[in-house]
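# Remarks on the overall topology
Chain by chain, the residues run as shown.
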Amino acid sequence: MTWLLAIFQTLLFVALAPLLAGWLKWCKCHLQNRQAPSLLQPYRELLKLTRKQPVVAEHASWIFTRAPYIIFSATVLAASIVPLIAVDLPTAAIADVIVLVGFFAFARFFLALAGLDIGTAFGGMGSSREMTISSLAEPAMLMAIFTLTMTASTTNLSFAIVHVLNEGLVLRPSFVFALFALMLVAIAETGRIPVDNPDTHLELTMIHEAMILEYSGRHLALIEWASQVKLMLYGVLIANIFFPWGIAQGFSIQALAYGLLAIIVKLALLAILLSISETLLAKMRLFRVQEYLSFAYLLGLLGMLSHIILEASR
Amino acid sequence: MNIEQQDFYTQAILSMAALIGLASFLMLGQGRLLRLIFVFALQGLLLTLTAALSAYSLDNHHLYISAGLTLVLKVMFIPWMLRRQVLAMHMNRDVEALENKTLVMLGGASLMVFSYYVLHPIVQSSSTIMVNALAVSLSVVLLGMLLMISHRQAVAHVVGFMSIENGLFFAAIVATNGMPMVVELGIAFDVLVAAVLFGIFFFHIRTSIDSLDVDRLNRLNEIDQ
Amino acid sequence: MMTMILAYNAVLLSFASGLLALLSNQRAMLMALSQRYLTSDFHYPRCRKFLDRILEENRHASLHRRAVFVLLGLSGVFAVLAGLAVMMGQDSLTDQIGLGLPWLPWHVRFDGLSGFFYLIIGIGVIAVSLYGPAYVAFYQESQNPFAVLGLFTGLFVGGMLLVLLADDAFFFMIAWELMSVASYFLVAFQHEHSANRRAAFIYLLMAQVGALAIILSFGVLASFSDGFTFDALRQATLSPTWASIAFVLALLGFGMKAGIVPVHVWLPEAHPAAPSHISALMSGVMLKVAVYGLIRFCFDLLGELQWQWGVVLLVLGTVSAVGGILYAMMQPNLKRLLAYSSIENIGIIFMVLGLSMIFMANGHPQLAALGFLAALFHAFNHSLFKNLLFLGAGILQHQTHDLNIDTMGGLIQRMPQTSFLFLVGCMSISSLPLFNGFVSEWLAFQTALQVDVLDNGVLRSLIPVSAAALALTAALAAACFVKVFGMIFLGLPRSRNSEKAQEVKDKSMLYGPALLAGLCFFFGIFPNLIINLLNGVAKQLLGQSLPNDTALSWLWLAPVSANKVSYSPPMVLVGVLIAGGISFWYLRRNLETKTMRRAAAWDCGFGGLTPRMQYSCSAFTMPFRRIFARVWLIDERVDKEMQGAMDMEVKAVHYHLQVQDHSWPRLYQPITHGVNQLAKQVGRIQTGNIRVYLGYSFVTLILMLWVIS
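Residues numbered from 1 in each chain as written. Chains lettered and ligands numbered in written order. Predicted model: local features only at pLDDT ≥ 70, side-chain atom pairs only at ≥ 80, totals over all residues.

### A word on the overall build of chain C
To keep things clear, this is the line we draw: Labels follow the DSSP assignment, with helices taken as runs of H or I lasting at least four residues and strands as runs of E lasting at least two, numbered in each case from the N terminus. Values of the radius of gyration come from C-alpha atoms, whereas the globule rule sets the reference at 2.2 Å times the count of residues to the power 0.38. Burial is judged by counting other C-beta atoms within 10 Å of a residue's own C-beta: 20 or more means buried, 12 or fewer means exposed, and anything between counts as partly exposed, with every C-beta placed from the backbone. Two residues qualify as being in contact provided that their C-beta atoms, derived from the backbone, are within 7 Å of each other.
Within chain C, the secondary structure is distributed over 28 helices and 5 strands. On C-alpha atoms alone, chain C measures out to a radius of gyration of 28 Å, which is about the 27 Å that the 2.2 N^0.38 rule sets for 709 residues. Taking the principal axes of the C-alpha coordinates as reference, chain C spans close to 100 × 80 × 75 Å. When burial is assessed residue by residue, chain C has 53% of its 709 residues classed as buried. Considering only intrachain contacts with a sequence separation of at least 6, the fraction spanning at least 24 residues in chain C is 79%.

### Description of the interface of chain C and chain A
The figure often quoted for interface size is the accessible area lost as the parts come together. The following threshold applies: Classes in brief: Ala, Val, Leu, Ile, Met, Phe, Trp, Tyr, Cys and Pro nonpolar; Asp, Glu, Lys and Arg charged; the others, Gly included, polar. Here, strands pair whenever DSSP counts at least two bridges between them.
Contacts between the two partners involve 65 residues from chain C, matched on the other side by 72 residues from chain A. Among the secondary structure elements, those contributing two or more residues to the side of chain C that touches chain A are α16 (411-414), α18 (436-449), α19 (457-489), α23 (569-587), β3 (597-599), α25 (617-620) and α26 (622-627) of chain C. Here the side of chain C that touches chain A takes 15 residues from α19 of chain C, the largest share from any one element. Taken together, the residues that form the side of chain C that touches chain A break down as 43 nonpolar, 15 polar and 7 charged. Bridge count between strand β1 (residues 55-57) of chain A and β3 of chain C: 3 bridges; the pairing is parallel. Following the sheet pairing, Val56 of chain A is matched in β3 of chain C by Arg598 of chain C.

### Observations concerning the interface of chain A and chain B
Taken together, the contact between chain A and chain B spans 18 residues of the former and 26 residues of the latter. If you list the elements that add at least two residues to the side of chain A that touches chain B, you get α7 (173-189) and α11 (289-311) of chain A. Among the elements that take part in the side of chain A that touches chain B, α11 of chain A stands out by supplying 9 residues, more than any other. The residue inventory of the side of chain A that touches chain B, partitioned by class, reads 12 nonpolar, 3 polar and 3 charged.

### Topic: the pairing of strand β2 (residues 104-110) of chain C
Residues and elements named next belong to chain C. Pairing of strand β1 (residues 93-101) with β2, which is carried by 7 bridges, proceeds in the antiparallel orientation. Paired with Thr94 across the strands is Arg109, a residue of β2. Following β1, the chain reverses through 2 residues before pairing antiparallel with β2.

### A closer look at the nonpolar core
We apply this condition: Linking buried Ala, Val, Leu, Ile, Met, Phe, Trp, Tyr and Cys residues through C-beta atoms within 7 Å yields a set, and such a set is a nonpolar core.
In this structure, Ile71, Leu113, Ala181 and Val185 of chain A together with Leu161, Val187 and Leu373 of chain C are the most contacted members of the largest nonpolar core, which totals 442 residues. When sequence neighbours within four positions are dropped, the list of residues in contact with Leu113 of chain A reads Ile63 and Ala67 of chain A together with Val482, Phe485, Gly486 and Leu490 of chain C.

### Let's talk about the domain arrangement of chain C
Selection criterion: An automatic or database domain assignment provides the domain bounds reported here.
On domain assignment, one finds that chain C holds domain 1 (628-661) and domain 2 (664-708). Of note, the centres of domain 1 of chain C and domain 2 of chain C, computed from C-alpha atoms alone, are 48 Å apart.

### A look at the confidence of the model for chain C
Interpretation of the predicted coordinates at a detailed level should be avoided for regions scoring low in pLDDT. Just so we agree on the cut-off: Residue-level confidence of the predictor, termed pLDDT, takes values from 0 up to 100.
Averaged over all residues, the pLDDT of chain C equals 88, while 95% of them reach at least 70. Interface predicted TM-score (ipTM) for the complex: 0.95; the corresponding pTM is 0.92.

### Describing unusual backbone geometry
For the peptide bond that leads from Ile193 of chain A to Pro194 of chain A, omega is 10 degrees, which places it in the cis range. Here the bond from Val261 of chain C into Pro262 of chain C is cis, since omega is 5 degrees, no more than 30 degrees from zero. Within the secondary structure, Pro262 of chain C sits in the loop between α10 (240-258) and α11 (266-273). Although it is not a glycine, Asn33 of chain A adopts a positive phi angle of roughly 60 degrees. Looking at the secondary structure, you find Asn33 of chain A in the loop between α1 (2-31) and α2 (41-51). Backbone geometry at Leu434 of chain C places phi at a positive 85 degrees, although glycine is not the residue there. With respect to the secondary-structure elements, Leu434 of chain C resides in the loop between α17 (416-429) and α18. According to the C-beta neighbour criterion, Leu434 of chain C is buried, with 21 such atoms within 10 Å.

Structure (structure tokens):
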């Protein structure tokens, strides 16, 4: 029963991801005085892409054609271990938050290889930049996670959320830092403004888009979908770890429905926040990203220090 | 003794401590003078809030006065004055490249650990968790010094100096629930006088060496190179 | 006793393979021997025929090579069996060999720790001996005689195995020197290049300095005990200061062999110089023997650990890990890159060992056991994937006649099998889930995360920072190996050699890497097999194993306790297969769009992509070079050749990039300078006048007489 629920939650996760992307786009359009597409537009695009015949570059090897499946399944697996509407599901025990980072690394490894596979300058440029940014983002993310796990003394996401829930409302300085650090990392890792611009195809500014420039048809659909799931994953992580209230602790229908409603509201609010910041900020130069990410790292470090100094004295 | 067993007031003060520490770090890494001054004002604001919070929860009315003084002096007057001077001397576009930013930042973080290490015996002997925040205030003092060492512009030196004072003020709030009124007024007056004096010095340094880069003062040494 | 025999057999077989190699050019002598002894009263014609066939002119060489490697492989098999047997048996066997000094026979002890490293060596040696026969066939017999290579390979492997068996300081040092000196000759094997001779010399020098430090550390320990056997050394009670001195000396000695920063410089010189299968053994296996030495010395002999040592190891390990991978990233030479990456991995091992020491000294033996386990598991994993990558590098060197990554490209089309095996190695070393490298790194993170139990605030803040450095290392390693795989195998070929490269003809060369790749994947999915073995080792050495309620079943990995942390690689694999399978099946169900159309890649409309438009190695790493600029000594120049009217037209642009190690100008050149100065001072004594020399003797004599009286 719980396994069924876990599978259902994963499917729900994957199914909701394009909706979040659509909502984000909708908010952004309204903020920028543009006419917004329908909320369902990402679904339509995905559907259309899956019907098209893919065109593959001449020199592409099996890495290029298999990478979308690998990326997609790694991301889906990552989605399956993050509690979305309920905690204590059996899938949460398969892997902890460090393995989650590992799944992202797995997907990124193949995406970067796929970028290099075609042998154009674009792909190499995208791969190089992506690996650079991710290698700076990973320590920052780990620092934030460390702060969290030191408080909850577990790296299992489900247990950590239960810990935060049971503790009630505690104003922890370390959590404030960890929250901001994780937000900064999430923006960098999902390729949003100011680190990368998901809407541009100008070679000087793009990172993620440069790697997937040669993809088309179902391959492109999978990669797009995976990046939507990834965006939602970070959103759910932030929403459910720092503001876990509302998530279902039992498996009754009522609790689950309440959990679903809670997460939708939380994600919608986070998306509004993101779209405001994307509207206000401009993309920064590539070599300012290191400053941005070292700031995230500093936040994580300060969070950890304030945990040690201020919260758990002995 | 963990934070979740404390009342909300303590949690809030501790969070403020963390934020004040963060503000010090932000100042340390700031290359542009106007932003530096802005963050300094922000730190002052946090300090004001802490003092007000402390005054409210402890029912300690004279802390309201110090909060007000901080607000007027450190959030409004001094930042305004510094800002005016920077604008007047057209230094708002100067970017001061820190020589080794990462190293300075990591040095700052280790200073924080160091001050925790130094104050650990004192903190252990005390019964209140609030004393933990002493480590933060000491590190704010040390970070202020580091700011003065690592930056070249005289304006940054003033900000560093003032943030040292911020650290001491914060320590006074968390450790003793505020100093006696007389002392506090005296310090506030000192700060004011210091700020005015600095302003005059800026003017003189500026007219004599055409810059506020303190490294240029090296030229004034008597030894022939 | 059976186990002991297996262990001895492994050593003897490796020596035997070395001796057999000596016979390589003695076909005539063998013929004569067989003529003389076997003709007169030999009744088995079939055997006769067999011998003749073996000794046939053209087949003899290859058969002989194969025989040498079969013996070596058997030695590996015995080593694996012995290691497994002693770890399963969970006891330590002791023995004495009547060799060596008259009053100090060689003591032998074979326990779980030695057994585990026996396993590492065994697997490495098996893989190498599968790979070796085809590889060494490429060498010119006249220039690089096989006899030398085979002899020293045998001695080298035997030496390493003996180091693990040693139970007294004398025997240990003899075996250690055998290992060092034999490997020196292997590094110097291709001595026709002066660079190789220089590399070998540096290696020998550092190995000897290291050995000196180890002897001194044993000396310190021995002066507090009554004898040189390890049993006696264990009983020694040292004051904390002397114990620290012994620790520092041991760290210097073993660290020099293991390649810890800043005493790592021999590694990137020696590894490219040696033949590939030897570099695989040196990097994959010999460095682990140095780790073994350090573990044996600190955890076993020194006894009482101090947490400050742990901090030293932690800091050195962190610096080595981050520095190693950053340097690796900048190397265009594949084997140099792999050598630097070994420094990184050794750094990770040292880091986790440091954590283990800190926990041990602070009275948390269970967490110490966890760290110890993570360190040993990482050593095991590194031996698997680094061997694999070095063997792969050897294949690439043969097929493209080059080791420069910048001249390769597109090899995945022409060398599909090699590329797949190499990909597995790259994924394991980048610590991606489902592969073994990830599990040990995960355990390392879990160890670091338990830091909250410590009382010392400085430690509590230091350890997370080093864990973040570990995350940085892992991410940089992924970037580095994306670069390696992408530049070598993907894209368009960057030179004629790589355009014409073919898959290896002799498939036996792929068996060794295939074995290692299979193990990488297998232990990534079922890490508990190794962890259970290691648990026994930790119990034997530290007196503590992982807590009992951790449910160490084959499916779950839960090192601390099941309701805190768990990881289940088999289920992850199943999940990935399901998700991938469904999407694969669903998206390709439409027959019309199932086939993909091939078209030219987007070239911005300028027409014609050339290989030179691709990102090169140095282009890929440019962002890193800018961000971490201070880590290297970078010499970057762009020279423009001008021509035409007023020299305004650019004729050619030359880009020049040289990245150098900081440790040479900072550490080694001052030392060299100092030694030279000293030598000059000493040189003054050498006046050349015979009467002055007589005077020296005279003064010495007088002094001696005075001392005696």
